[in-house]
Amino acid sequence: MQHNTTCFPCNVVIFGGNGDLAIRKLLPALYNLDRGGYLCEGTQVIGASRTDIGRDGYIEMVRQGIDEFGDPDCWDETVWERFKDRLNYVAVDARNLDSFKLLKKALGKSFTQNDTVYYMSTAPDFFGDITDNLAAAGLVSDRTRVVMEKPIGKSLESSKTINDAVARSFPEKNIYRIDHYLGKETVQNLLAVRFANALFEPVWTNAHIDNVQITVAETVGVEGRWGYYDDSGALRDMIQNHLLQLLSLVAMGVPVSLDAEAVRAEKLKVLKSLKKMSVDRVRRNTVRAQYTAGNMDGRKVPGYKEEEGGVPDSQTETFVAIRADIHNWRWRGVPFYLRTGKRLPARYSEIVIQFKDVPHSIFPGTANMSPNKLVIRLQPEESIQLYMMNKLPGLGEGMEVTPVTLNLTLPDRIADSRVPEAYERLILDVIRGNSTLFVHRDEVEAAWVWADAILDSWATATVDPHVYPAGSWGPQAAFELVARDGRSWHETN
Ligand code: BG6
């Protein structure tokens, strides 16, 4: 099956090709693209890493990865045989120019014949070395694109250093910064719901919306990456990128088109309009917390500091709740409540747009009245639901109303195919050279300006982070943050 009429072969080189992300996500995604007929004949995938595991060793590793982390329903021996033939492996040391010559040799003529995508799935410290050495080895041209994984720095300053280093060899238009949340199907559907319907846009303002809530709840702990996580924390790991990207898609104005530049320009305006977090605002409008030992699904789990590799005096936050404000005409006065945490009781990501109450209720008894909400669920399942009030059927006196949900999720007849993984969408977009769902340098930096202010205040704060037992919905302070404004977190079921 071939879907793209303008299909052309591409070289995909993955630095960190035998690392965790590559084996769990990137290779299974490429395999699925091949299965769907999205990889053209002649497309090759080259794993590049320091260890010399050889092509056969790599093929075996990739197969095991697809077995373990891929969708079992997608396994197809014929597809695997084809995919396997596309795989190659080169031992490349990011800091050794000579090893890039081996890569050049492996690419051979296809480097000049085809587009080449370099996917940097390594620690960001290596990004500059990799791109410098690619340039020095003559492996950069107009037809090469480079993908950067997060984290892009730990602060505005360090992100600038990384971006400057990569910019020495690649122009911005050929740099693709991944935020895998943008590849999630419902996140793209958000754009369709907002801009392909006349219904919502007129009410998408502070005149009609009371507040917006974005929750990304995880049940997992730090999954064996304590060192990385402790250096990062939930604000850097989730809020500065994923949640702010979701916020900017919810809050942006109508772009002139779906072109990368048009969409990014609107998102950037939102990020630049985020109200600066002064020390006082950080104290009032942010809650950080760390999980302690608790119970998850009847199983005892250790606290954050007792996880493998943990140290007892860590102050790193595994949970954050924040009230963010956007100071522009559309959003002035509408709080955006952001919340994320590890070891929470359920895994789900959700955006809730809560509309204002009716100005005056003509129905007797207000106990059942609740405001309209548009609830956009990104995972584990994708759905969009509109909460409405309806009459309760019956012959009772007066008219009793009750909340009902209108399901705006795709009917089965449309959604009869599997929902692609975020990385499938994003890798295919890089191959096609479409950067709409990628993050521009200006966005990364605007997000850091806002996040840095919070991190700086926390660093000098005299109070310790709150604590919450694993398996709970975070500290009481996170509920109080919203309750103080006369609101509550949307309860999901
Ligand atoms: C990553 C974070 O970017 O996103 C992880 O580094 C987090 O800590 C993950 O677990 C969540 O992604 P998803 O797609 O499972 O919600």
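## With respect to the overall build of the protein
Helix and strand content of the protein: 14 helices and 17 strands. On C-alpha atoms alone, the protein measures out to a radius of gyration of 24 Å, which is about the 23 Å that the 2.2 N^0.38 rule sets for 493 residues. Relative to its 493 residues, the protein shows a buried fraction of 53%. Accessible surface, the protein as shown: approximately 22,600 Å² in total, 51% of it carbon and sulfur.

## With respect to the site of the ligand
Lining the immediate environment of the ligand, one finds Lys150, His180, Tyr181, Lys184, Glu218, Arg225, Asp237, Met238, His242, Lys342, Arg347 and Gln379. Interatomic distance of 2.5 Å between a side-chain N/O atom of glutamate 218 and an oxygen atom of the ligand. The separation between an oxygen atom of the ligand and a polar side-chain atom of arginine 225 is 2.5 Å. Isolated, the ligand exposes 400 Å² of accessible area, and the fraction of that covered by the protein chains is 83%.

## Quick notes on the packing of helix α2 (residues 54–69) against helix α3 (residues 77–86)
Between α2 and α3, the least distance of the axes is 11 Å, while the angle of their chain directions is 145 degrees. As α2 packs across α3, the resulting crossing turns out to be right-handed. Note on element contacts: α3 touches α2 through Glu77, Trp80, Phe83, Lys84 and Asp85, opposite Arg55, Ile59, Val62, Arg63 and Ile66. Residues belonging to the contact of α2 with α3 are distributed by class as follows: five nonpolar, no polar and five charged.

## Examining helix α13 (residues 441–460)
Three- or four-residue spacings in an α-helix give side chains the same orientation, since the helix completes a turn every 3.6 residues. An ideal rise of 1.5 Å per residue puts 28 Å on 20 residues; α13 measures up with 28 Å between its terminal C-alpha atoms. Where α13 bends most, the angle comes to about 25 degrees, and this point is alanine 451. Across the 20 residues of α13, 15 count as buried, placing the element largely inside the fold.

## Examining the sheet that holds strand β4 (residues 115–120)
Neighbouring strands of a sheet are bound in pairs by backbone hydrogen bonds; such pairs are parallel or else antiparallel. The sheet built from six strands is open, its strands ordered β3-β2-β1-β4-β5-β6 with parallel pairing. Either end of the sheet is taken by a strand with one partner, and the two such strands are β3 (87–91) and β6 (175–177). Taken pair by pair, the neighbouring strands of this sheet meet at an average axis angle of 20 degrees, ignoring direction. With six bridges connecting them, strand β1 (residues 10–15) and β4 associate as parallel partners. Following the sheet pairing, phenylalanine 15 is matched in β4 by methionine 120. Contacting β2 (44–49) and β3, α3 crosses the sheet at an angle of about 30 degrees to β3. Contacts from helix α6 (residues 127–136) reach β1, β4 and β5 (144–148) within the one sheet, and its direction differs from that of β4 by about 155 degrees.

## Some details on a nonpolar patch on the surface
Taken together, the side chains of Met388, Val404, Leu406 and Leu408 make up a nonpolar region of the molecular surface, amounting to roughly 280 Å² of accessible area. Checked against the element boundaries, leucine 408 lands in the loop between β16 (401–407) and α12 (422–432).

## Looking at the nonpolar core
Counting residues in each nonpolar core, the largest one holds 140 residues, and the members touching the most others are Phe15 and Phe83. By residue number, the principal contributor to this core is helix α9 (residues 226–251), which donates 13 residues. Ignoring sequence-local partners within four residues, the contact set of phenylalanine 83 consists of Leu27, Leu30, Tyr31, Asp34, Leu39, Val45, Val62 and Ile66.

## Side note on the side chain of glutamate 424
Looking at the secondary structure, you find glutamate 424 in helix α12. Among all residues touching glutamate 424, those that are not within four sequence positions of it are Ala29, Asn32, Leu33 and Arg418.

Each value, and the rule that gives it
- Residues numbered from 1 in each chain as written.
- Predicted model: local features only at pLDDT ≥ 70, side-chain atom pairs only at ≥ 80, totals over all residues.
- Heavy atoms only, no water.
- Helix = DSSP H or I, 4+ residues; strand = E, 2+ residues; numbered from the N terminus.
- Rg over C-alpha atoms; globule rule 2.2 N^0.38 Å.
- Buried < 20%, exposed > 50% of the residue type's maximum accessible area, 1.4 Å probe, protein only.
- Areas by Shrake-Rupley, 256 points an atom, 1.4 Å probe, with all protein chains shown as cover.
- Near = heavy atom within 4 Å.
- Polar contact = N/O pair within 3.5 Å; in protein donor to acceptor, adjacent residues only side chain to side chain.
- Axes fitted to C-alpha atoms, helices over the stretch in contact; angles between N-to-C directions.
- Left-handed = near helix turned anticlockwise from the far one by under 90°.
- Contact = heavy atoms within 4.5 Å.
- Nonpolar A, V, L, I, M, F, W, Y, C, P; charged D, E, K, R; others polar.
- Expected span 1.5 Å × (residues − 1).
- Bend = angle between axes of the 7 residues up to and from the residue.
- Pairing = 2+ DSSP bridges.
- Patch = residues over 30% accessible without salt bridge, like charges linked within 9 Å, V, L, I, M, F, W, Y side chains within 5 Å.
- Salt bridge = Lys/Arg side-chain N within 4 Å of Asp/Glu carboxyl O.
- Core = buried A, V, L, I, M, F, W, Y, C linked by side-chain atoms within 4.5 Å.

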